[in-house]
Protein chains: 4
Amino acid sequence: MSNVVVVYHSGFGHTQALAEAVAKGARAIPGTNVNLIPVAEAEARAAELDAADAIIFGSPTYMGGVSAEFARFKDWTSKRWMDGTWRNKLAAGFTASASWNGDKQNTLVQLMTLALQHGMVWVGLGVAPGFNHSKGSVEDLNRLGASIGAMAQANADQGIEGIAASDFRTFEALGRRVAEAARRWHTVPLVEAA
Amino acid sequence: MSNVVVVYHSGFGHTQALAEAVAKGARAIPGTNVNLIPVAEAEARAAELDAADAIIFGSPTYMGGVSAEFARFKDWTSKRWMDGTWRNKLAAGFTASASWNGDKQNTLVQLMTLALQHGMVWVGLGVAPGFNHSKGSVEDLNRLGASIGAMAQANADQGIEGIAASDFRTFEALGRRVAEAARRWHTVPLVEAA
Amino acid sequence: MSNVVVVYHSGFGHTQALAEAVAKGARAIPGTNVNLIPVAEAEARAAELDAADAIIFGSPTYMGGVSAEFARFKDWTSKRWMDGTWRNKLAAGFTASASWNGDKQNTLVQLMTLALQHGMVWVGLGVAPGFNHSKGSVEDLNRLGASIGAMAQANADQGIEGIAASDFRTFEALGRRVAEAARRWHTVPLVEAA
Amino acid sequence: MSNVVVVYHSGFGHTQALAEAVAKGARAIPGTNVNLIPVAEAEARAAELDAADAIIFGSPTYMGGVSAEFARFKDWTSKRWMDGTWRNKLAAGFTASASWNGDKQNTLVQLMTLALQHGMVWVGLGVAPGFNHSKGSVEDLNRLGASIGAMAQANADQGIEGIAASDFRTFEALGRRVAEAARRWHTVPLVEAA
């Protein structure tokens, strides 16, 4: 079994629903145990994070960056950073905001930087961009054309019904990809040079 | 009169058409002289760049960054950087790619970094994001929800007919904004402390 | 008089001391009123922020991004974003961390993105990089070679005595630059096209 | 055997010497074949790139981004991007510039974005930051405190003798880390879900 943890903050439920899609995708890969951890429970459930083969970070994009709640989690990880606890685990990330672009790239760069400070290895979305030609559709996988992680566009005046079905499928694809990578990465222990 | 220069690279004509929209927007502000310079002519027309109150940089996003042709222009500016020739001018930027997101943010961060290395002052798009709620439309101004510059989405299999009219209007808005700022900035000379 | 506000979070006192250096630099420009606001007081002192001609944002870099405390302030500004309250104000930013690089660039990009979402105009550091040649010294201005804002390197095991005097002088230079720009920008009101 | 390719541009020899240090580090891991490819030879040696288990990208930082020569290579990879040729390979990156910070982070973010557009998996530096406390020294490993890749500081007025020995050792550490990861990743083929 390989262990995948999805740790996320959700302010209004959109990112929660998307985190569940990521978890669903990861669970689709046989031999994968998936834990879904809201950042508010991260401290209490630190053992699950420490036991993970892969950690997938999720935050809404607020004012062009991760939410304050996610930032609190980020700062809390500094002890693990000092001890190298998460070193060589796999990592990935996702975010959502109301706009199509909305500076979501910044949020993903932040999540990726956090992971790489921990010495983790970053698995991107790995899904070709959709909805970028005249025959494209809002229902194409990766309709936003993200690469370093998964991005969703959630209408500002709606709940999760305002998120395209394609975004949920894209987030499932991220979960699958990380779980596949975790299975592969997990099989052979990393032997580091002295 | 204040002088605004739009310096850009266009691979297939999309960015050229968008650069023209920026120029059109800038010309709409009385008292503004606008020069449109393809990067291939930058060296020959360096005097126009040096005389500008504001320089607006434009590049397509290729593989998540500025095009090689724009990068050559960027590297060429290093002599001006050394001499501080463009110090305290205003700057802004725009980009286009086939995807809605497509890592265009990286390109704008690059353009902005180039400008700030030169000691320029960065004027963002300043247009509230559109198309981010249930009543939104692809014809909303700033339909992509960009902030640090203007972004356009151009279908991969089409020419400029594959760019939404709203994107052209958004790029005009960037031109207007920079020209207004240039007029204001130009009026009072900057006296730097010794 | 032009109004400059320095709004910052400091975890252990380093960023506070640096914020004071920025304020000192701004005060050196005649006709400048400077208010120093810790993020914890931002809500109570919102009127000072709203009256500013320029706002300078400061945060330590924790795990490659702004601190949770600063992020809380960032999220709080979303009401002002919706109302456009800070539109067309000048902005700038600074950060500190223990490492020379330490992913501080990410923090400055975040601060800059926040400002540009608000429709503010970004004033960079505007100081040529020092300490980058064989005759260079740790006492050169801008010894870290930052451009989009001011960066300080503060030893992890020391208080403010672990920050080079050159960093304090660099932060003063940022304050001066923003105050000069505010005076100039303040003099001519921006008339936006209808 | 696992195959590691280091593909780089060097303007004045600094990045070349650093690329050789990366290659030396990778070769120190038994069972690793290492090819060093200047970007000018990339097209002719495309078969070596396509056969790699890991590709390490290197560029100097010019004006806050990758050099024009590296950008030309980047744009050239778009055919491979379309075909998914480099999908699931490992990737890493390095850069050098005269300043300690010098916006090198932007260059690494660009290299990382390029890799993730290709569907590659990004291996960071994985070396704790040095030279960030009162007992630190310029000879500490990772003296600049980079995380997403390796960074070197090369004095502007010197050749490779102006680069600290610690930077060369840091770049060797990057090569070792990628080669170890490639060996591990190479051992178990990735089986992607249909």
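Predicted, not measured: the structure shown is a model, and the values here were computed from it.

Participant: Looking at this structure, I do not really get the interface of chain D and chain A. What am I missing?
Facilitator: Interface size is often expressed as the accessible area that is lost when the parts come together. Listed as interface residues are 34 residues of chain D and, on the opposing side, 34 residues of chain A. The contact between chain D and chain A buries some 2,800 Å² in all, and 58% of this surface belongs to carbon and sulfur atoms. Linking chain D with chain A are zero salt bridges. Between the two partners, chain D and chain A, sit nine residue pairs in polar contact (both at pLDDT 80 or more). When contributions to the side of chain D that touches chain A are tallied by element, the ones reaching two or more residues are α5 (104–117), β6 (121–123) and α6 (165–187) of chain D.

Participant: Quick question: what am I supposed to make of the relation of the copies chain D and chain A here?
Facilitator: One copy of the chain maps onto the second through a rotation around an axis plus a translation along that axis. You can overlay chain D on chain A at an RMSD of 0.0 Å; the transform is a turn of 180 degrees with a shift of 0.0 Å along its axis. The superposition of one copy onto the other is thereby described by a two-fold rotation axis. Judged by C-alpha distance, Trp122 of chain D is the residue of chain D that lies nearest the rotation axis, at 2.5 Å. A share of 100% of the interface residues of chain D reappears at the interface of chain A, consistent with the copies meeting face to face through the same patch.

Participant: Please explain the interface of chain B and chain C as it appears in this structure.
Facilitator: Across the boundary between the two partners, chain B contributes 34 residues, which contact 34 residues of chain C. Both faces combined, the contact of chain B with chain C buries some 2,800 Å², and carbon together with sulfur accounts for 59% of it. For the pair chain B and chain C, the interface holds nine residue pairs in polar contact (both at pLDDT 80 or more). Of all elements in the fold, only α5 (104–117), β6 (121–123) and α6 (165–187) of chain B reach the threshold of two or more residues within the side of chain B that touches chain C. With eight residues, the top contributor of residues to the side of chain B that touches chain C is α6 of chain B. Of the residues in the side of chain B that touches chain C, the class split is 18 nonpolar, nine polar and seven charged. Note: β6 of chain B against strand β6 (residues 121–123) of chain C, three bridges, orientation antiparallel. Bridge pairing links Trp122 of chain B to Trp122 of chain C in β6 of chain C.

Participant: Help me out: how do you make sense of the packing of aromatic side chains in this one?
Facilitator: Centre-to-centre distance and the angle between the planes together describe a pair of aromatic rings. Taken as a whole and judged by the stated rule, the model has 40 aromatic pairs over all chains. Of the aromatic side chains, those joined through ring pairs into one cluster are Phe57, Phe70, Phe73, Trp76 and Trp86 of chain A. For the cation-ring pair, Arg184 of chain A lies above Trp185 of chain D, with the distance from its terminal atom to the ring centre recorded as 4.0 Å.

Participant: Got a minute to help me understand the side chain of Gln153 of chain C in this structure?
Facilitator: Along the chain, the position of Gln153 of chain C falls in strand β7 (residues 150–153). Within the local environment of Gln153 of chain C, its side chain forms a polar contact with the backbone oxygen of Ala98 of chain C, the two atoms lying 2.8 Å apart. Once you skip the residues sitting within four places of it in the chain, Gln153 of chain C turns out to touch Ser97, Ala98, Ser99, Trp100, Lys104, Arg143, Leu144, Gly162, Ile163 and Asp167 of chain C together with Phe131 and Asn132 of chain D.

Thresholds, definitions, all that
Residues numbered from 1 in each chain as written. Chains lettered and ligands numbered in written order. Predicted model: local features only at pLDDT ≥ 70, side-chain atom pairs only at ≥ 80, totals over all residues. Heavy atoms only, no water. Contact = heavy atoms within 4.5 Å. Buried area = accessible area lost by both parts, 1.4 Å probe. Salt bridge = Lys/Arg side-chain N within 4 Å of Asp/Glu carboxyl O. Polar contact = N/O pair within 3.5 Å; in protein donor to acceptor, adjacent residues only side chain to side chain. Helix = DSSP H or I, 4+ residues; strand = E, 2+ residues; numbered from the N terminus. Least-squares fit on C-alpha atoms with pLDDT ≥ 70 in both. Nonpolar A, V, L, I, M, F, W, Y, C, P; charged D, E, K, R; others polar. Pairing = 2+ DSSP bridges. Phe/Tyr/Trp six-rings, centres within 6.5 Å; stacked < 30°, edge-to-face > 60°. Lys NZ or Arg CZ within 6 Å of the ring centre and 35° of its normal.

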